[in-house]
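# Examining the three-dimensional arrangement
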Amino acid sequence: MDKLYFGTGGIPLSTEPRNTENGIVKINELGLGSMELEFVRNITISKEKAPQIKKISEDENVKLTAHASYFINLNAADLEKRNASRSRLVAAAKTLHACGGYSVCVHSAYRLDSSKEDVFKNVKEQFEKAIQECKDEKINVWLRPETAGKYAQFGTIDELIEFSQGFDRVLPCIDFSHVRATTDGRVNNYDEYCKILDKLETGFGRKLGLEEMHLHIQGVNFGDKGEKNHLTIEEDPKWNYGDLMKALKDYDCKGCVTVESPNLETDALLLKNCYEES
Ligand SMILES: [Zn+2]
């Protein structure tokens, strides 16, 4: 990517009527640059509609990402459930590709009673198949396991770096609120943010580690188990988001920033402005 594009997780709230096409136009009108298609309950865009979405996003110069289904566990005890989970991920990738999109993120797995090694192995096996299915259908989008918000889920930064290194079309989606929630709030200052960016650069090189990013950034409420829910910037006064914007600027990061704050575009604009002024 040529720069960092800021956008919303879903259609901006001020869009009227609130549909995908109008949402993309609204993103551009607001001065934002990306939008995440929320396929979290179902795929909301038909095969027939996708080319139209693609055309609008190109005309408006809005980058599209997607969030795959919440009903995915690539480490489910039952193989049939793992396979069905993979199909949901591939379906999201396929639709996003038809819409001309860039990257699809997924909460890939719950750890359940599996050992660390078994979770890794199960998720890897399903990702290998997913990547092959995408290749067979000429689907060309990034598949991104997202950093886990809860300790019960697979996906620390270190795990996801190691995991993604085994593939060409897989990179982690870094959700900074999840990382903060699963480090008991530690990852919340400039040095900690830089450490993550350093790890990504070491793991993948500058071009893939820092110039093809898919990030989630918002406030978060967390406890013993990790993430409870997302918060707006205003609701999360302890969050040093300015430090994160400065780190992203200093490292000249590029890609898409999806803001999943409850107020969507309000915080997306606030973060974008903060980034530009950093
Ligand atoms: Zn997510």
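In short, a report on the structure. (Residues numbered from 1 in each chain as written. Predicted model: local features only at pLDDT ≥ 70, side-chain atom pairs only at ≥ 80, totals over all residues. Heavy atoms only, no water.)

## Regarding the pattern of salt bridges
The full count for this structure, using the stated rule, is 18 salt bridges. Note that lysine 55 and aspartate 59 form a salt bridge whose closest N and O atoms lie 2.7 Å from each other. Taken as a pair, lysine 55 and aspartate 59 lie in helix α2 (residues 50-60) at a separation of four residues, close to a single helical turn. Of the residues examined, lysine 55 reaches a relative accessible area of 49% and is grouped as partly exposed. On the basis of relative accessibility, which here comes to 51%, the residue aspartate 59 falls in the exposed class. The residue lysine 199 makes a salt bridge to aspartate 158 at a minimum N-O spacing of 2.8 Å. In this pair, lysine 199 sits in helix α7 (residues 190-210) while aspartate 158 sits in helix α5 (residues 157-165), placing the two residues 41 residues apart along the sequence. Given a relative accessible area of 45%, aspartate 158 falls into the partly exposed group. (Salt bridge = Lys/Arg side-chain N within 4 Å of Asp/Glu carboxyl O. Helix = DSSP H or I, 4+ residues; strand = E, 2+ residues; numbered from the N terminus. Buried < 20%, exposed > 50% of the residue type's maximum accessible area, 1.4 Å probe, protein only.)

## What to know about the layout of surface pockets
Here the largest pocket defines a volume of roughly 430 Å³. Taken together, 22 residues form the lining of the largest pocket, with His67, Tyr70, His107, His230 and Glu260 sitting closest to its centre. For the lining of the largest pocket, a count of residues per class yields eight nonpolar, nine polar and five charged. Approximately 330 Å³ is the volume attributed to the second largest pocket. In terms of lining residues, the second largest pocket is bounded by 20 residues, among which Thr156, Ile157, Val179, Thr183 and Arg186 are the most central. Of all the secondary structure elements, the ones that give two or more residues to the lining of the second largest pocket are α5, α6 (176-181) and α7. Among the elements that take part in the lining of the second largest pocket, α7 stands out by supplying four residues, more than any other. (1 Å grid on protein atoms, 1.4 Å probe; cavity = no way out; pocket = protein on both sides within 12 Å on 5 of 7 lines; lining within 4 Å. Points joined across faces, edges and corners; volume = space filled by probe spheres on them. Nonpolar A, V, L, I, M, F, W, Y, C, P; charged D, E, K, R; others polar.)

## Let's talk about the nonpolar core
Core analysis: the largest hydrophobic core is formed by 77 residues, its most contacted members being Phe127, Leu143, Leu197, Ile217 and Leu248. With sequence-adjacent residues up to four places away left out, leucine 248 is seen in contact with Leu4, Leu197, Leu215, Ile217, Cys253 and Tyr275. (Core = buried A, V, L, I, M, F, W, Y, C linked by side-chain atoms within 4.5 Å. Contact = heavy atoms within 4.5 Å.)

## Observations regarding helix α8 (residues 241-250)
Buried within α8 are the following residues: Leu244, Met245, Ala247 and Leu248. Buried positions in α8, seen along its axis, are confined to an arc of 160° and lie on one side of it. Residues of α8 that are buried sit in contact with β1 (4-9), α6, α7, β7 (213-216) and α9 (265-277). Aspartate 252 sits one or two residues past α8 and shows a positive phi near 50°. (Arc of directions from axis to C-beta.)

## Brief notes about the coordination of the zinc ion
Each angle at a metal carrying four tetrahedral donors should ideally be 109.5 degrees, and each at a metal carrying six octahedral donors should ideally be 90 or 180 degrees. Of the protein atoms, only His67 (NE2), His107 (NE2), Glu146 (OE) and Glu146 (OE) coordinate the zinc ion, at distances of 2.1 to 2.4 Å. Its four donor atoms give the zinc ion angles of 54 to 145° at the centre, a pattern that matches the irregular case. Between the donor residues of the zinc ion, the gaps in sequence give the motif H-x39-H-x38-E. Taken together, the positions of histidine 67 in strand β3 (residues 63-67) and glutamate 146 in the loop between β5 (142-145) and α5 put the pair 79 residues apart, joining distant regions of the chain. (Donors = N, O, S within 2.8 Å, 3.2 Å for Na, K, Ca; no water. Tetrahedral: all angles 85-135°; square planar, octahedral: opposite > 155°, others 65-115°.)

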